[in-house]
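Single-letter residue listing:
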Amino acid sequence: MIQNTSRRELLKLAAAGAVTASAVAASASAAQAYQGNMERAISALYDALGSLKEATPNKGGHRETAMQLVEQAISQVQAGIQYANEHGGG
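Keep in mind that this is a model prediction, so the values were computed, not measured.

Engineer: Where do I start with the overall build of the chain in this structure?
Structural biologist: When its secondary structure is counted, the chain shows three helices and zero strands. Along the chain, helices (α) and strands (β) appear in the sequence α-α-α when read from the amino end. A sequence separation of at least 24 residues applies to 62% of the contacts in the chain between residues at least 6 apart. Accessible surface, the chain: about 6800 Å² in total, of which carbon and sulfur atoms supply 60%.

This is how it looks when you write it as structure tokens:
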């Protein structure tokens, strides 16, 4: 009976270990996929977009063009983050 209990406990420990290993592997993958520089770039681009929107519009259309280009840059950075996440890029 003691031997059976030991086997059960061993199986429980092995199952718990497998679950823990899976959780650690998943968190390592998520950490690897974090795009800190890209996230900071998006933040800076949103700040720039906000400043452009608050600027007076008397810039010969250049302010509007700049806003469009910043929005395009935000889109490209987001696409880069998504691509890296889908392809395991870090």
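From this point, the discussion proceeds with the structure in view.
Engineer: So what exactly am I meant to see when it comes to helix α3 (residues 62-86) here?
Structural biologist: One turn of the α-helix equals 3.6 residues, which is why residues spaced by three or four share an orientation. Across its 25 residues, α3 extends 36 Å between first and last C-alpha, which sits within 8% of the 36 Å expected from 1.5 Å per residue. Residues of α3 that are buried: Arg63, Met67, Val70, Ile74, Val77, Ile81 and Ala84. At its buried positions, α3 is contacted by α2 (36-54). Phi for glycine 88, located one or two positions after α3, is positive at around 70 degrees.

Engineer: Before we go on, may I ask you to explain the packing of α2 against α3 in this structure?
Structural biologist: The axes of two packed helices give the description: the angle between them and the distance between them. Where α2 meets α3, the closest approach of the two axes is 10 Å, and the angle between their N-to-C directions is 160 degrees. Considered as vectors, α2 and α3 are oriented roughly antiparallel to each other. Note that α2 runs across α3; the crossing there is left-handed. Seen from α2, the contacting residues are Met38, Glu39, Ile42, Leu45, Tyr46, Leu49, Leu52 and Lys53; seen from α3, they are Arg63, Ala66, Met67, Val70, Glu71, Ala73, Ile74, Val77, Gln78, Gly80 and Ile81. When grouped by side-chain class, the residues that make up the contact of α2 with α3 number 13 nonpolar, two polar and four charged.

Engineer: What am I meant to see in the nonpolar core here?
Structural biologist: Among soluble globular proteins, nonpolar side chains are generally buried collectively. In terms of nonpolar packing, the biggest core is built from eight residues, these being Ile42, Leu45, Leu49, Met67, Val70, Ile74, Val77 and Ile81. Counting only elements with at least two residues in this core, the list comes to α2 and α3. Take this core: its biggest share by element is five residues, from α3. The residues contacting leucine 45, other than those within four sequence positions of it, are Val70, Ala73, Ile74 and Val77.

Engineer: Got a minute to help me understand the pattern of salt bridges in this structure?
Structural biologist: Any two side chains of opposite charge can pair, on the condition that their charged atoms come close. Taken as a whole and judged by the stated rule, the model has one salt bridge. Its salt-bridge partner being glutamate 64, residue arginine 63 comes within 2.9 Å of it at the nearest N-O pair.

Engineer: When you look at α2 in this model, what are you seeing that I'm missing?
Structural biologist: Spanning 19 residues, α2 covers 27 Å between terminal C-alpha atoms, matching the ideal 27 Å at 1.5 Å per step. Among all positions in α2, only Gly36, Ile42, Leu45 and Leu49 are buried. The inward-facing, buried residues of α2 abut α3.

Engineer: Quick question: what am I supposed to make of the environment of lysine 59 here?
Structural biologist: Here lysine 59 lies in the loop between α2 and α3. Given the relative accessible area of 36%, lysine 59 is considered partly exposed. A polar side-chain atom of lysine 59 sits 2.7 Å from a polar atom in the side chain of threonine 56.

Conventions we followed
Residues numbered from 1 in each chain as written. Predicted model: local features only at pLDDT ≥ 70, side-chain atom pairs only at ≥ 80, totals over all residues. Heavy atoms only, no water. Helix = DSSP H or I, 4+ residues; strand = E, 2+ residues; numbered from the N terminus. Contact = heavy atoms within 4.5 Å. Areas by Shrake-Rupley, 256 points an atom, 1.4 Å probe, with all protein chains shown as cover. Expected span 1.5 Å × (residues − 1). Buried < 20%, exposed > 50% of the residue type's maximum accessible area, 1.4 Å probe, protein only. Axes fitted to C-alpha atoms, helices over the stretch in contact; angles between N-to-C directions. Parallel < 35°, antiparallel > 145°, perpendicular 65-115°, else oblique. Left-handed = near helix turned anticlockwise from the far one by under 90°. Nonpolar A, V, L, I, M, F, W, Y, C, P; charged D, E, K, R; others polar. Core = buried A, V, L, I, M, F, W, Y, C linked by side-chain atoms within 4.5 Å. Salt bridge = Lys/Arg side-chain N within 4 Å of Asp/Glu carboxyl O. Polar contact = N/O pair within 3.5 Å; in protein donor to acceptor, adjacent residues only side chain to side chain.

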